[in-house]
Amino acid sequence: MFKDLNQISCNKCGKQMKRENGVIKQDFLEVTKAWGYFSKKDGKTCNFTICEECFDKMIEEFKIPVEVTDTIELL
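As a starting point, this report considers the structure included with it. Computed from a predicted model, the values in this text were never measured in an experiment. (Residues numbered from 1 in each chain as written. Predicted model: local features only at pLDDT ≥ 70, side-chain atom pairs only at ≥ 80, totals over all residues. Heavy atoms only, no water.)

## A look at the overall build of the chain
Our working definition: The numbering of helices and of strands both runs from the N terminus, where a helix is a DSSP run of H or I of at least 4 residues and a strand a run of E of at least 2. Two things to know: the radius of gyration comes from C-alpha atoms, and the globule rule equals 2.2 Å times the number of residues to the power 0.38. Each residue is assigned to one of three classes by its accessible area relative to the maximum for its type, calculated with a 1.4 Å probe on protein chains only: buried under 20%, partly exposed between the two thresholds, exposed over 50%. Here a residue-residue contact requires only that any non-hydrogen atoms of the pair lie within 4.5 Å. Note on areas: Shrake-Rupley, 1.4 Å probe, and residue coverage restricted to the protein chains presented here. Neither His nor the chain termini are counted; the positive set is Lys and Arg, and the negative set is Asp and Glu. Charged side chains are reduced to one point each, which is NZ for Lys, CZ for Arg, CG for Asp and CD for Glu.
For the chain, the helix and strand inventory stands at one helix and four strands. Relative to a compact globule of 75 residues, whose C-alpha radius of gyration would be 11 Å, the chain shows 15 Å and is clearly more extended. Dimensions of the chain, computed from C-alpha atoms along their principal axes, come out at roughly 45 × 30 × 25 Å. Burial status across the chain gives 11% buried among its 75 residues. In the chain, of all internal contacts separated by at least 6 residues, the share reaching a separation of at least 24 is 36%. Only carbon and sulfur atoms are counted for the fraction: they give 52% of the accessible area of the chain, which is about 7000 Å². The centroid of the 12 positive side-chain charges in the chain is displaced by 10 Å from the centroid of its 13 negative side-chain charges.

Rendered as structure tokens:
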């Protein structure tokens, strides 16, 4: 989770997420992974944030494409 919502930065490129009047105006991906058995990281939890541009670049490299569906109702 974020320690300070006023300073959210992309872990890959370092860019800070845009804010206006204290409101974050840019979407991003937040990942939290608690590693378990059969992992060299057993007992560790990793957290990182990726901006939309870095996400797009990352998934372009996937061998199996990301499944994308339309969301009908936005909350």
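## Side note on the pattern of salt bridges
Put simply, the test is: By salt bridge we mean one thing: a side-chain nitrogen of Lys or Arg within 4 Å of a carboxyl oxygen of Asp or Glu.
In total, this model carries one salt bridge according to the counting rule given. Across the pair Lys15 and Glu53 runs a salt bridge, and its minimum N-O distance is 2.5 Å. Of this pair, Lys15 sits in the segment before strand 1 (19-20) while Glu53 sits in helix 1 (residues 52-60), and the two are 38 residues apart along the sequence. The partly exposed category is assigned to Glu53, whose relative accessible area is 41%.

## Considerations on unusual backbone geometry
One non-glycine residue, Asn21, lies in the positive phi region at around 50 degrees. Among the secondary structure elements, Asn21 is positioned in the loop between strand 1 and strand 2 (23-24). When its relative accessible area of 81% is taken as the criterion, Asn21 is described as exposed. Phi is positive for Phe38, which is not a glycine, with a value near 70 degrees.

## Some details on a negative patch on the surface
Definition in use: Patch construction takes residues with relative accessible area above 30% that form no salt bridge. Like charges are linked within 9 Å, and nonpolar side chains (Val, Leu, Ile, Met, Phe, Trp, Tyr) are linked within 5 Å.
Judged by side-chain charge, Asp27, Glu52, Asp56, Glu60 and Glu61 come together as a negatively charged surface patch. With respect to the helices and strands, the residue Asp56 is situated in helix 1.

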